[in-house]
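Topology and contacts: notes
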Amino acid sequence: MSEATTRSGAAAAGGTGPRRPRTDRRGSRGARLVTRVRSWLPSLLLVSPSILLIGLFVYGMIGWNTRLALSDQHRPIDDGSFVGLDNFIALWGEARWPAAVNNAIVFTVVFVGGALLLGWLLGLLLDKGIRGEPVFRTLFLAPMAVSFIATGVVWRWLMNPAPAERATGLNALFVHFNLDFLVNTWWTAPDFGMAAMALPAIWQLSGYVMALFLAGFRGVPEELREAARVDGCSEWGVYRHVVMPQLRPVTLSAVIIIGHMSLKVFDLIIAIAGQQIVADVPAVYMWSTVFEVRDPAKGATIASYLLIAVAVFVIPYLVWTMRKERSEGR
Amino acid sequence: MRSRWRSVAAGALGLSLAVSACGGGGQDGGESEVEVFSWWTGGGEEAGLNALIERFETENPDVEFVNAAVAGGSGTNAQAVLEGRLQSQDPPDSFQGHAGAELQDYIEAGYLQPLDGFFDEQGLHEAFPDQLVEQISYEGSVYSVPVNIHRSNVLWYNPSVLEEAGVEGPPETLDELIEAMEAVETETDAIPMAVGAQWTVDHLLESVLLGSLGTEAYNALWEPGADWDTPEMAEALATFEEVMAHTQEESAAEDWQEAARRVSDGEAAFNIMGDWAAGYFDELGAIPEEDYAWAASPGTEGTYMWLSDSFTLPEGAPHEEHALSWLEIVASKEGQDTFNPLKGSIPARADAEPAHYADNPYLESALAEWQSGPELAGSFWHGVTVGNRWKNDVDTAVGLYLQNGDLDELNEALHQAAQTE
């Protein structure tokens, strides 16, 4: 195929006909260049609008945001001058920011851990074979179609923190079954309330994790399992030693997708708690800083921290996939 | 091939020219219009605005009224849109804002024109209470025309719960309030004081501060650099803590409506909320003086802690002349008497016609009190006394207090917030 394109390239460069014999080698090099240009120029032209737009509206904006975060423009009307990392440091001296970060960490740990565990378990159960599997698959996946706002509205009621005598939602269910000791304050608990806040998020995304794992389970060839069974492996052993090691890539993608969603969580919190310190997270703090306090530099600083936090999840993944692709390519 | 690219480029250019031409044409057609920006898109607010618009259109038949209301988030969405428009020098002809310090950012940015001339011309200094004009002035000038007055320091109570608890009438001082709440606690199943999410606690705090410190000391708190580190403040905050001890555990999961509804349903004895609650009680079909009743929040009798919606004249308003006709209607006695009964508030003018408000027992009593010339205090939470930054600092301090219950830390944070201004 490369021969054919070279030939057609040479034909296209045929304009230099008379000089061709003398500069044979150079000419063919030139022709090869033309060929190369021909092969990538149309595709470059095709993608250049998106390169331009992404360059401007993603990377350009990231750059602008960073510049703002490094300035002291604390009111929209100020001009702002360069102050280095002052804003980044000052944030940690506040009462609100460390609390918001702490909340985000609690939320992320519970959400990522919970969704992975539940998703894996559901995937495992479906993989073991269950009657009406497509129905269950759809059922488990369905919550993903719901927006966080809608989920939040429902769970706001389910997790109503009213005490036993006025209980509604889940607390009322506990009271009804005489499980009063389970009645709790859910997300309004000062220290680990964010763990309760992660429940709706787990509910919403464990189906998605299940789908990932199920695909992973199905991707393991039956021959491998069979071979392990012949070697005397128990069914659990088959999963433990044969199937699970092959699921590492799936687990990693799940962690990255769930993890970065968790760090930038905003809508779920707003739907359940509105803007309250007890359920404060960096994204909500940024929103109130930008749109209520109108402090561009501080808002940009919080945005930068969010970007860094997400990058911590995404960059290792990118490096890993690139390495993998390269090693597979060779 | 080259010619094909050229034709594509030419086509694209032609298309963009056509599009921009359309845009230009639209603007040319807008010579005699007036664009008014607000966040009144539903309920009584929208009804009131529409009545004002109707009045404007009758008096200015040649001018097209463009209602640029933005819905959602009780104004936060609208304010974000407005900020963008002001920064890109594309202001509406007039926009709605809370009178007072909330407009300060805009004034300092040079987005607003002073309306002193307009006030003189329309005789508004006589129509509005002196203290009101003083409290909305910034460096001696006024920048907005208040169309209504809401009261923030209202104690809503359920008469039958009070009766059951053996409490006679609404408490008049904070000490009486605490006694009454204790009686409700021991004698009935009701919640003594219903509050909602964090912001309603901010709202409660301002009424407690006003009731404990008195009007003058309360107003002085909001001068930049004010001293909050005083024994009086410590006492006021201790009272605040006692009030908070009688609120329901699940408050964080409720908004003001749910807290107010608890009073009209008889689930709670008291709730301190602005007078827009009266409109909400009407919607619920609750009967005034029976399902709910009202009084000034304890210790604040004779003081009107106010907030107000107002309209402004932006710098560079495209149709300034028409904007002034709009403001004229907004400021007029007739305009205010049209708007307010629908919106569920009272006019900012002291010379309103009480007959328009006679249908509504709350508004009738509120107007009577307003016209009797009460002391005025600005509501901090609703943006009268402080700008957004200070307000947000107080909100954060209150939120942290709700989490950790550390009263000294709250006092310190409030003091700091005043110092950094």
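Refer to the preceding data block for the structure.
Below or above, wherever it landed, is the structure these notes cover. Everything numeric here is computed off the predicted structure, so don't read it as measured data.

Some words on the overall build of chain A
Assigned secondary structure in chain A consists of 14 helices and 0 strands. When the elements of chain A are put in sequence order from the N terminus, they spell out α-α-α-α-α-α-α-α-α-α-α-α-α-α. The C-alpha radius of gyration computed for chain A amounts to 28 Å, which surpasses the reference 20 Å derived for 330 residues by more than 25%, pointing to a less compact arrangement than a globule. Dimensions of chain A, computed from the C-alpha atoms along their principal axes, are close to 100 × 75 × 30 Å. Buried positions account for 36% of the 330 residues belonging to chain A.

As for the sheet that holds strand 5 (residues 150-151) of chain B
Residue and element names in this part refer to chain B. Read from one edge of the open sheet, 3 strands run 5-10-12, paired in mixed fashion. Sheet topology places strand 5 and strand 12 (375-378) at the edges, where each strand pairs with a single neighbour. Two elements, strand 5 and strand 10 (residues 303-307), share 2 bridges in a ladder whose sense is antiparallel. Paired with arginine 151 across the two strands is tryptophan 306, which belongs to strand 10.

Focus on the packing of aromatic side chains
Residue and element names in this part refer to chain B. Within the structure shown, the criterion is met by 39 aromatic pairs over all chains. Aromatic side chains phenylalanine 311 and tryptophan 326 sit 5.4 Å apart centroid to centroid with 90° between the ring planes, which places their arrangement in the edge-to-face category. Taken as a pair, phenylalanine 311 in strand 11 (residues 309-312) and tryptophan 326 in helix 15 (residues 320-331) lie far apart in primary sequence, 15 residues in all. The same class applies to phenylalanine 311 as to tryptophan 326, namely buried. Among the aromatic residues, ring-to-ring pairing joins Trp199, Tyr218, Trp222, Trp228, Phe380, Trp381 and Trp390 into one connected group. It is arginine 151 that lies over the ring of tyrosine 304; its NZ or CZ is 4.4 Å from the centre. A cation sits over an aromatic face here: lysine 391 above tryptophan 381, 4.7 Å from the ring centre.

A look at the interface of chain B and chain A
Taken residue by residue, the interface counts 29 residues in chain B and 27 residues in chain A. Of the roughly 2,500 Å² buried at the junction of chain B and chain A (both faces included), carbon and sulfur atoms supply 52%. Where chain B touches chain A, the interface holds 7 salt bridges. The partner of glutamate 258 of chain B in a salt bridge is arginine 156 of chain A, and the shortest N-O contact between them spans 3.9 Å. Summed over the shared surface of chain B and chain A, the number is 14 residue pairs in polar contact (both at pLDDT 80 or more). Breaking the side of chain B that touches chain A down by element, the ones donating at least two residues are helix 3 (76-87), helix 4 (104-108), helix 13 (256-264) and helix 18 (388-404) of chain B. At 7 residues, helix 18 of chain B tops the list of elements feeding residues into the side of chain B that touches chain A. A class-by-class count of the residues in the side of chain B that touches chain A yields 10 nonpolar, 9 polar and 10 charged.

Cut-offs applied
Residues numbered from 1 in each chain as written. Chains lettered and ligands numbered in written order. Predicted model: local features only at pLDDT ≥ 70, side-chain atom pairs only at ≥ 80, totals over all residues. Heavy atoms only, no water. Helix = DSSP H or I, 4+ residues; strand = E, 2+ residues; numbered from the N terminus. Rg over C-alpha atoms; globule rule 2.2 N^0.38 Å. Buried < 20%, exposed > 50% of the residue type's maximum accessible area, 1.4 Å probe, protein only. Pairing = 2+ DSSP bridges. Phe/Tyr/Trp six-rings, centres within 6.5 Å; stacked < 30°, edge-to-face > 60°. Lys NZ or Arg CZ within 6 Å of the ring centre and 35° of its normal. Contact = heavy atoms within 4.5 Å. Buried area = accessible area lost by both parts, 1.4 Å probe. Salt bridge = Lys/Arg side-chain N within 4 Å of Asp/Glu carboxyl O. Polar contact = N/O pair within 3.5 Å; in protein donor to acceptor, adjacent residues only side chain to side chain. Nonpolar A, V, L, I, M, F, W, Y, C, P; charged D, E, K, R; others polar.

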